[in-house]
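What the coordinates show
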Amino acid sequence: MVHNNTNDKADSQWVENSGGLIEHSPGNVVIKSIADDTAPPTLKELLKYWRPFLWCFFMYMLSLNLGYESSNLGHLLGVREFMYKFGYRTSAGTWVISTTDQQLLTIAGFIGLGSAAIATGILSDLLGRRKTILLGCLLCFGGIFLQFFAKSIMMLFGGKILSGLGYGLGHSIGPVFVAEIAPVRFRGVCLSIINVTITLGQWCNALAIYFCQNLSSDMAWRIPVVTQVLFPSVLLLIGIPFLPESPAWLVFKGKLDEAAQSLRVFNGNDYDTDRAIAILETALDEAKHSEETNARWIETIQGTNRRRTLLSCMGFACQQLIGASFMAGYVSYFFVLAGVNNPFGMGQMVYSFELLGNMCSWPLIERVGRRRILLCGMIFMTTTLLITGCVSLNKGQAALKATVSLMTIWAFVYQMTAGAVVFAIAGETPSPRLRQKTFALNVTTANILSTVVQLLLPYLINTDKANLGGKVAFVFFGPSVPCCIYLYFCLPEMKGRNVAEIEEMYRKKLPARKFEGYKCEVTGVESKYTKEFES
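Here is a short report on the structure shown in this document. Sequence positions are assigned chain by chain, starting from 1 and proceeding in written order. In view of the model being predicted, local features appear only for residues whose pLDDT reaches at least 70, and side-chain atom pairs are presented and counted only at 80 or more, with totals across whole chains, interfaces and linings using the full set of residues. Hydrogens are left out, water is left out, and the side-chain values use all remaining heavy atoms of the structure.

**Some thoughts on the environment of Trp55**
Secondary structure elements are taken from DSSP: a helix is a run of H or I of four residues or more, a strand is a run of E of two residues or more, and numbering for both begins at the N terminus. With respect to the helices and strands, the residue Trp55 is situated in helix 3 (residues 50-59). For every residue, the accessible area obtained with a 1.4 Å probe (protein chains only) is divided by the maximum for its type, and the residue is called buried under 20%, exposed over 50%, and partly exposed between those limits. You can call Trp55 buried: its relative accessible area is 11%. Through-space distance from the C-alpha of Trp55 to that of Leu243 is 7.9 Å; in sequence the pair is 188 residues apart.

As C-alpha cells, this is what we get:
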C-alpha cells in the first residue's frame, strides 16, 4: 500500500522488509504496508521461504486424521466384511447397517470434534499451542486402536469419540497456529494447505479401502481403520520435538525474547523479528477494549467482534449447506447404491480431482483474492446442484453418467474455491486475542451442521428409505442460494493485509465493499521499539 511520509527525516526512519514498512519515530511506531504486501508471491519466493510451508505441513498433520476419519464410515459401508460384522440382511437380500447405528457412529464424531473445539480454546490459552497438539496426538492413538480392536458398534462409538477429541484438538489449533506465524504475503496459501491435508486424508482412506475391500476377513475393514495411526506418529516423532511455541501466544504472555526465537525458527535467522513482534503488539493493543489480557468467550459476540465471528462461522456453514459432508463421506457409498460399476474406483477419481482442485487454489488465492474466489465458486456450485438434480429426474445409464460427471466437476470447483478459501478467511478474520476461541466456534458450527447433514443422509439416500439418488442435490440447492446472497453483501477482501490493518478496518466498521481499497495507518504506542532501533 502506498504511504506518504510527511515527518522530518531527522525525526523518523523507515525500515523495509518483505512484509511492509515500520516508521520508527520518537515515541511511537507506525506500521504500514507497501505495494509488495498485496502483490502475489512468485514461485521463486515460495521456494525461498520454504520454512513456513514445512511447519504448516506438521501443524496440519492431525487434519489428515480428520479427513481420513470423516470419510471412513461412508467407505466402510461399502465393504462386505464390515457389513457382515455390524449389519443385517434385508428381505431383498442386501446387507445394510441400521440407520440407528449409522447415526450413532456419526454422533460419535460430533461429540469428539465438538468437545475438542471448545476444549482447544481453553487448553491452548493455558498450555500453549504446542502442548495442545501433543495431547491431540496421544488421544488419537487411543481412539484408533480402540476402533481397530472393536467387536461391537459401541466400541466403535467410543473409539470415534476418543479419536475425534485427538484430531479435533489438532484441527482446531492448526489454522490458528499458522495464521500467527505465516508471512502476510503467504498467509492465504499457508491457510489453504489445511484443506489439502483434509482431502489427502480422505484420499488415503479411499486407497486403503480400495486395496483391502476384497480381503475375506475382518482385516478388510480393520486395516483401513488402523492405517491412520501413521499421521499422529509422524507428528509425534518428527514434528513435536522440533516444533517451537506460537510466537503470538508468547507475545500475549509477555515472553518477547522467546517469541523472537520462535519466529526465527519458523522463518529463518534473517527474519525481521522486531517488526513482527511490533505488529503483534500493535494488533493486540487495537483489540483490547479493557485492561484484561485474557480473552473471554463473551467477547466473540460483543462489539465489532460479533461481525467477525459471524463471518468466520458463516464460511464453514456455507461449506456444509452446499453439500461438503455428502461429497466427503458418502460419495463412494452413493455410487454403490446408484449401481455404478467399480464404485471405489470412481471414488478414487473424484478424490484425485478434489486434490487437483486444491492445488489449483494455491496460485489463485493471493492473486484473485478470497472474496472473488469464494463468491464465484459458490454461485457455480449452486448452479451445478440445480442441474444435477434436474438430470437425476431422468432414469437410465445416460442420466447416471451425467450425474457422476457433474458431481466430479462440483467436487473440483468446491476444493478450488470454498474448500480452500474458507480456512484462509477463518484464520485472518478474528481478532488476535480471540482467534483461538473464534476458530473453536467455527469448528463447532461446521461440526453441528455436518452432523445434522450426515444424520439425514441415510434417510435421504438409503434404498430402504427415501432413495433420492442424485435428486439429493435439490436438498443442498435450497440453502446454498441464501449463502450466496450473504457472501455477496458481507464478505470483505483481506488479501495482503497484516493483522494490525485488519484490526483497524473492523474497528472503523468499514462496509465489506470498502475493505479492498482502504488505506490504513495503524499506530502503536510502544516507544521501546524506537529505543531498540536507535541503539
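Having seen the model, we can carry on.
**Regarding the environment of Thr100**
With respect to the helices and strands, Thr100 occurs in helix 6 (residues 99-127). A residue is classified by how much of its surface remains accessible, and Thr100, at 57% relative accessible area, is exposed. Thr100 sits 358 residues away from Pro458 along the chain, and the two C-alpha atoms are 9.5 Å apart.

**As for helix 24 (residues 499-507)**
Summarising burial for helix 24: eight of the nine residues are buried, a large majority. Val499, Ala500, Glu501, Ile502, Glu503, Glu504, Met505 and Tyr506 are the residues of helix 24 that are buried. Polar contact is the term for a pair of N or O atoms within 3.5 Å; when the atoms are in protein, one must be able to donate a hydrogen and the other to accept it, and sequence-neighboring residues count only if both atoms are side-chain atoms. Between a side-chain oxygen at the N-terminus of helix 24 and the backbone nitrogen of Ala500 the separation is 3.0 Å; the capping residue is Asn498.

**Details of a nonpolar patch on the surface**
Residues with no salt bridge and a relative accessible area higher than 30% make up the patches, which join like charges within 9 Å and nonpolar side chains (Val, Leu, Ile, Met, Phe, Trp, Tyr) within 5 Å. Note on areas: Shrake-Rupley, 1.4 Å probe, and residue coverage restricted to the protein chains presented here. A carboxyl oxygen of Asp or Glu within 4 Å of a side-chain nitrogen of Lys or Arg is what we treat as a salt bridge. A surface patch of nonpolar side chains, about 360 Å² in accessible area, is lined by Ile118, Ile122, Leu126 and Leu127. The topology assignment puts Leu127 in helix 6.

**Details of the pattern of salt bridges**
The full count for this structure, using the stated rule, is 13 salt bridges. For Lys85, the salt bridge is made with Asp218, and the minimal N-O distance between the two is 4.0 Å. Residue Lys85 is found in helix 5 (residues 80-86), and its partner Asp218 is found in the loop between helix 9 (187-212) and helix 10 (219-226); the two are separated by 133 residues along the sequence. Here Lys85 falls in the partly exposed class, since its relative accessible area comes to 34%. Put simply, Arg308 and Glu503 hold a salt bridge, and the shortest N to O gap is 3.2 Å. Of this pair, Arg308 sits in helix 15 (residues 304-321) while Glu503 sits in helix 24, placing them 195 residues apart in sequence.

**Thoughts on the nonpolar core**
A general trend in soluble globular proteins is that nonpolar side chains are found buried together. To qualify as a nonpolar core, a set must consist of buried Ala, Val, Leu, Ile, Met, Phe, Trp, Tyr and Cys residues joined through side-chain atoms within 4.5 Å. In terms of nonpolar packing, the biggest core is built from 120 residues, with Met59, Phe82, Phe326, Leu374 and Met378 touching the most fellow members. Broken down by element, this core gets its largest block of residues, 11 residues, from helix 8 (residues 153-181). Among all residues touching Phe82, those that are not within four sequence positions of it are Leu76, Leu77, Gly87, Ile97, Leu156 and Trp221. In what follows, a contact means two residues having at least one pair of non-hydrogen atoms within 4.5 Å.

**Notes on helix 11 (residues 230-239)**
For helix 11, the complete set of buried residues consists of Phe231, Pro232, Leu235 and Gly239. Viewed along the axis of helix 11, the buried residues span an arc of 95 degrees, placing them on a single side of the element. For helix 11, the secondary structure elements touched by its buried residues are helix 3, helix 4 (61-76), helix 7 (129-148) and helix 9. The arc in question is the one traced by the directions running from the helix axis out to the C-beta atoms.

**Considering the side chain of Ser163**
Assignment of secondary structure puts Ser163 in helix 8. Not counting residues up to four positions away in its chain, the partners in contact with Ser163 are Glu69, Leu139, Cys140, Gly143, Ile144 and Gln147.

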